[in-house]
There are 2 protein chains.
Amino acid sequence: MDLVIKNGIVLTMNKGMEIVHQGWVGVDKGCIAGIGSHDTLPVPGAKTVIDARGGIIMPGLVNCHTHAPMTLFRGLARDLPPLAWLNRHVSPADERLTREAVYQGSLLACAEMILSGTTCFCDSYWFGEAVARAAATTGMRAVVGEVLNGFSGCGEMEDGFDRAQKMVAQWGKPGRVTVAVAPLFAPDADPELLKRAADLARKNRVPLVIEVAQTGSEVSQIARKHGKSPVEFLESLGLLGPGLVACHSIHLTENDMELYRHYHVRVAHCPESDMALGSGVAPIPRLLGLGITVGLGTDACASNGDLDLFCEMDTAAKLHKVVAMDPEVIDAETAVKMATINGAKVLGLDRITGSLETGKRADIIVVGLSGHHLVPMYNPYSHLVYSAAGSDVAASVIDGKLVMDNRALLTMDVGAVMDGVQTLCQNLGGL
Amino acid sequence: MDLVIKNGIVLTMNKGMEIVHQGWVGVDKGCIAGIGSHDTLPVPGAKTVIDARGGIIMPGLVNCHTHAPMTLFRGLARDLPPLAWLNRHVSPADERLTREAVYQGSLLACAEMILSGTTCFCDSYWFGEAVARAAATTGMRAVVGEVLNGFSGCGEMEDGFDRAQKMVAQWGKPGRVTVAVAPLFAPDADPELLKRAADLARKNRVPLVIEVAQTGSEVSQIARKHGKSPVEFLESLGLLGPGLVACHSIHLTENDMELYRHYHVRVAHCPESDMALGSGVAPIPRLLGLGITVGLGTDACASNGDLDLFCEMDTAAKLHKVVAMDPEVIDAETAVKMATINGAKVLGLDRITGSLETGKRADIIVVGLSGHHLVPMYNPYSHLVYSAAGSDVAASVIDGKLVMDNRALLTMDVGAVMDGVQTLCQNLGGL
């Protein structure tokens, strides 16, 4: 075997939620080649052996919705009303970004994601090609959505489709980095654009990523204009289906949820960003009750503050408990599922990643348990959700390759990226 | 001077919220002896010089409500209904604890608090004497509440008052570790006990720490029994006053809030624990609007999952935004105030700690800004609340003494404490 991770508690996140105490996971040719308990550890072993030192060996986390380049705007103009934040600060900052800035910001985002246990992310931004290159070079698994509209620096709409088609041609094949189509959906979005985007996604069998029902004002504006809820409006355009990743999905009616169920729509839940923007709380327990697949996303650093899915699991579990006034809602196992196998399902990647099963691509993290804040341990799921932090992730393997070991990134010079970003932000000035 | 911390962004948290860029803070005889900008750095310097390396130099954080020994129950029986959690798991676990277990659990709690930037905490638990010893030996500032009732291992009620009186005699003088009186307030609490506890606190000028209006069931039971809200009931007993630290304070009526304002009651807000238990969301923006002083508390590890006030600041800021559907509510500055100077006010310690001002005791932390997740920086308050983690705290000075430097604890052998706790929990068995 190429790689063995040994001496850990293996949380497989497979259908039976099997746990192997004192277990190992073997990797060969990029895939998981075996999982077992200590007494079956392969001898003579593997080219590379990682000692989990009693930590948790589990699937890498899946970030179902983010805008990686906006790491450049972390902490920019916080605590403002949504329109002032977006129109006065974030959109002008977006407009200043160049292809190179997008690449640098995405590298920094990949560093943060790897160092906090994320091995796969789905992105939506302009210059998707630069985001895809950053994912490719840092070794991350990614589904990169090219945003078609809404950004003057990318030219006219047709240019957006041109770029998207080029992205699909270049990255549309199965592989570590793949593509999505990500039209901006605002109350004034052109229905024809949305339909064409959906066609493009469907023909190429790539996900369609849309932010749906994110604010009350979006809902009321679409109601005025089209006499429908955002979800009903998307249905009328033929956009609902199993390829749709419906991000946020906060302001849903009972009928909207029923439509999601009927069309097998998947949901990317972003609790921290939704809280920070004062957008509302998505009805996740209700969606889960209907059997709808829900994954977690951090959304952008610009609204969230970080790209750490450990924080997101903790917040998701706690937020829905207090909204429902019921501490049994979204238990720790459910939160870990949302951040792993169900996130993979949301992105259509559950045959490839999201759980530790022989034959799947090897996306694996080791969460160290030697921290003072993780002693004693009664339950690994509770520990992951309520007590562990992204900084407890000790090692990360993506697509069979060791990309981080003992907190050191092996695919990039993070110091150089930080310096580059510092210079870039000074040069962009007045972000 | 004994100690100088130099080369940082000094957030004083004083009345004018002054910030000194490229500044230093000097410490002499346990007190802050000077604050200035780089060009005024004292020469020849000090016995000890800490280089903040461009990080943030700020007051240590104040945890206004916790139960340190319950660190032993972190992750025990999560995601359960409150009564099942409390009666079937937590209370039986409480009952198993010995004085030595309380001491060991408190040492571990102190390690976690120091390593995540907390320099002062207010505790409520049985065997308060053991909690106070743990604070004393680890170098923390603490207000230790002796719980008078509700625990069979501590004997009869009179024993509770005996213990509390002994605690007051031993720790009641001004100093780094002081005492509070902390009766358990449940719907069946004896009004006489509450009144006697308040008398004891008042006579000795120490805080009275009570968990108020924490659950809907508490409110309805007290209404049935006394025809009053919990706050009105406490008023009828003469317990409301500036010495009262009202923890949680979730289910408040308009009249309750008005009583808090009238009597200058202070509130310890514990958002993460309140969320985890599904208890509800305290009306903090409303209380702040009335001019009521609010600090932050983690509550116990058993409900929260950690004792990290950085998480608490982030959650407080985000939670109230989404409840109010208004991102301007609890801005980052307000959250940092709640975790520092206003926390000190809640505990009656604002003449001593909570801000960096010449003459105050030197409770200072350095938050490193060299992490990949903290580049670039636009605003230090936003960074602290939304992006920094407890693990970014690089150094901690309490009462003028360096207790943690470069992530190493200088007052305790944390490895030995962790081993001790592991053994203890195995021996206690079936927690």
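Residues numbered from 1 in each chain as written. Chains lettered and ligands numbered in written order. Predicted model: local features only at pLDDT ≥ 70, side-chain atom pairs only at ≥ 80, totals over all residues. Heavy atoms only, no water.

**Describing the overall build of chain A**
Point 1. In terms of helices and strands, chain A carries 16 helices and 17 strands.
Point 2. Against the compact-globule benchmark of 22 Å for 431 residues, chain A has a radius of gyration of 21 Å, which places it among compact chains.
Point 3. Once the C-alpha set of chain A is aligned to its principal axes, its extents read approximately 65 × 50 × 40 Å.
Point 4. Pairs at least 24 residues apart make up 72% of the contacts formed inside chain A by residues separated by at least 6 positions.
Point 5. Accessible surface, chain A as shown: approximately 14700 Å² in total, 50% of it carbon and sulfur.
Point 6. Within chain A, the 47 negative side-chain charges are centred at a point lying 5 Å from the centre of the 36 positive side-chain charges. (Helix = DSSP H or I, 4+ residues; strand = E, 2+ residues; numbered from the N terminus. Rg over C-alpha atoms; globule rule 2.2 N^0.38 Å. Contact = heavy atoms within 4.5 Å. Areas by Shrake-Rupley, 256 points an atom, 1.4 Å probe, with all protein chains shown as cover. Lys, Arg positive; Asp, Glu negative; His and termini not counted. Charge placed at Lys NZ, Arg CZ, Asp CG, Glu CD.)

**Examining the relation of the copies chain A and chain B**
Point 1. Superposing chain A onto chain B takes a rotation of 180 degrees plus a shift of 0.0 Å along the axis, which leaves an RMSD of 0.0 Å. Viewed as a symmetry operation, the transformation between the two copies matches a two-fold axis.
Point 2. Same-surface contact between copies: 100% of interface residues of chain A are shared with the interface of chain B. (Least-squares fit on C-alpha atoms with pLDDT ≥ 70 in both.)

**Overview of the domain arrangement of chain A**
Residue and element names in this part refer to chain A.
Point 1. According to the domain assignment, chain A consists of domain 1 (3-59 + 363-409) and domain 2 (61-346).
Point 2. Each of domain 1 and domain 2 was reduced to a C-alpha centroid, and the two centroids are 29 Å apart.
Point 3. Taken together, the contact pairs 24 residues of domain 1 with 27 residues of domain 2.
Point 4. Taken over both partners, the interface formed by domain 1 and domain 2 buries close to 2100 Å², and the fraction arising from carbon and sulfur atoms is 71%.
Point 5. Of all residues in domain 1, Val-385, Tyr-386 and Ile-398 give up the largest surface area on contact with domain 2, accounting jointly for 27% of the area buried on that side.
Point 6. The tally of links from domain 1 across to domain 2 stands at 2 salt bridges. (Domains from an automatic or database assignment. Buried area = accessible area lost by both parts, 1.4 Å probe. Salt bridge = Lys/Arg side-chain N within 4 Å of Asp/Glu carboxyl O.)

**Some points on the packing of aromatic side chains**
Residues and elements named next belong to chain B.
Point 1. Overall, the coordinates contain 4 aromatic pairs over all chains when judged by the stated rule.
Point 2. Centroid distance Tyr-125 to Trp-126: 5.0 Å. Interplanar angle 65 degrees. Geometry classified as edge-to-face. The residues Tyr-125 and Trp-126 share a single accessibility class, namely buried.
Point 3. Ring geometry for Phe-185 against Phe-233: centres 6.2 Å apart, planes inclined by 20 degrees, an arrangement best described as stacked. (Phe/Tyr/Trp six-rings, centres within 6.5 Å; stacked < 30°, edge-to-face > 60°. Buried < 20%, exposed > 50% of the residue type's maximum accessible area, 1.4 Å probe, protein only.)

**Some details on the interface of chain A and chain B**
Point 1. Across the contact, 59 residues belong to chain A and 59 residues belong to chain B.
Point 2. When the two sides are added together, the surface that chain A and chain B hide from each other amounts to roughly 4600 Å², 63% of it contributed by carbon and sulfur.
Point 3. Looking at the side of chain A facing chain B, the largest losses of area belong to A:Asp79, A:His372 and A:Tyr378, adding up to 17% of the total buried there.
Point 4. The interface formed by chain A and chain B holds 4 salt bridges in total.

**Section: empty space enclosed by the protein**
Point 1. Applying the stated rule across the entire model yields 3 cavities of 30 Å³ or more.
Point 2. As a volume, the largest cavity reaches approximately 80 Å³.
Point 3. Lining the largest cavity are 14 residues, and of these B:Arg78, B:Asp79, B:Trp85, B:Ala276 and B:Leu277 lie nearest its centre.
Point 4. For the lining of the largest cavity, the elements supplying multiple residues, two or more each, are α1 (82-96) and α11 (301-304) of chain B.
Point 5. By volume, the second largest cavity amounts to about 60 Å³.
Point 6. Taken together, A:Ala77, A:Arg78, A:Asp79, A:Leu80, A:Trp85, A:Ala276, A:Leu277, A:Ala302, A:Ser303, B:Lys321 and B:Pro327 make up the lining of the second largest cavity. (1 Å grid on protein atoms, 1.4 Å probe; cavity = no way out; pocket = protein on both sides within 12 Å on 5 of 7 lines; lining within 4 Å. Points joined across faces, edges and corners; volume = space filled by probe spheres on them.)

**A look at the confidence of the model for chain A**
Point 1. Averaged over every residue, the pLDDT of chain A is 94; the share at 70 or more is 97%.
Point 2. Model confidence for the complex: the whole-complex pTM is 0.97, and ipTM, which rates the interface, is 0.96. (pLDDT = per-residue confidence, 0-100.)

**Remarks on the pairing of strand β14 (residues 364-367) of chain A**
Each regular strand carries side chains that alternate between the two faces of the sheet.
Residues and elements named next belong to chain A.
Point 1. Both faces of β14 are covered, namely the face carrying Ile-364 and Val-366 and the face carrying Ile-365 and Val-367.
Point 2. Taken together, the 4 bridges between strand β5 (residues 56-59) and β14 define a ladder with antiparallel strand orientation. Looking across to β14, one finds that Met-58 is bridged to Ile-365.
Point 3. Note: β14 against strand β15 (residues 393-398), 4 bridges, orientation antiparallel. (Pairing = 2+ DSSP bridges.)

**A word on the pairing of strand β9 (residues 177-181) of chain B**
Residue and element names in this part refer to chain B.
Point 1. In terms of burial, β9 is a largely internal element, 5 of the 5 residues being buried.
Point 2. Of the two faces of β9, the one carrying Val-177, Val-179 and Val-181 and the one carrying Thr-178 and Ala-180 are both buried.
Point 3. Where strand β8 (residues 141-146) and β9 come together, 5 bridges link them in parallel fashion. If you follow Gly-145 over to β9, its bridge partner there is Ala-180.

**What about the packing of helix α2 (residues 99-115) of chain B against helix α16 (residues 414-428) of chain B?**
All names here are of chain B.
Point 1. For the pair α2 and α16, the least separation of the axes is 10 Å and the interaxial angle reads 135 degrees. Viewed along their axes, α2 and α16 adopt a mutual orientation that is oblique. Pair α2 / α16 crosses with left-handed handedness. Residues Ala-101, Gln-104, Leu-107, Leu-108 and Ala-111 of α2 touch α16, and the partners they reach there are Val-414, Val-417, Met-418, Val-421 and Leu-424.
Point 2. Among the residues forming the contact of α2 with α16, the class breakdown is 9 nonpolar, 1 polar and no charged. (Axes fitted to C-alpha atoms, helices over the stretch in contact; angles between N-to-C directions. Parallel < 35°, antiparallel > 145°, perpendicular 65-115°, else oblique. Left-handed = near helix turned anticlockwise from the far one by under 90°. Nonpolar A, V, L, I, M, F, W, Y, C, P; charged D, E, K, R; others polar.)

**Remarks on the pattern of salt bridges**
All names here are of chain A.
Point 1. Using the criterion set out here, one finds 34 salt bridges over all chains in the structure.
Point 2. Between Glu-129 and Arg-99 there is a salt bridge, with its nearest N and O atoms 2.8 Å apart. You can see Glu-129 sitting in helix α3 (residues 128-138) and its partner Arg-99 sitting in helix α2 (residues 99-115), a full 30 residues away along the chain.
Point 3. Residue classification places Arg-99 among the partly exposed positions, given a relative accessible area of 38%.
Point 4. Connected through shared salt-bridge partners, Arg-141, Arg-361, Asp-363 and Asp-399 make up one network.

**Some details on the state of the cysteines**
Residue and element names in this part refer to chain B.
Point 1. Counted under the stated rule, the structure contains 0 disulfides over all chains.
Point 2. Free cysteine: Cys-247, not disulfide-bonded; nearest cysteine sulfur from Cys-270 at 6.1 Å.
Point 3. For Cys-301, which is in no disulfide, the shortest distance to another cysteine sulfur is to Cys-311 and amounts to 11 Å.
Point 4. Overall, Cys-301 belongs to the buried group, its relative accessible area being 0%. (Disulfide = S-S within 2.5 Å.)

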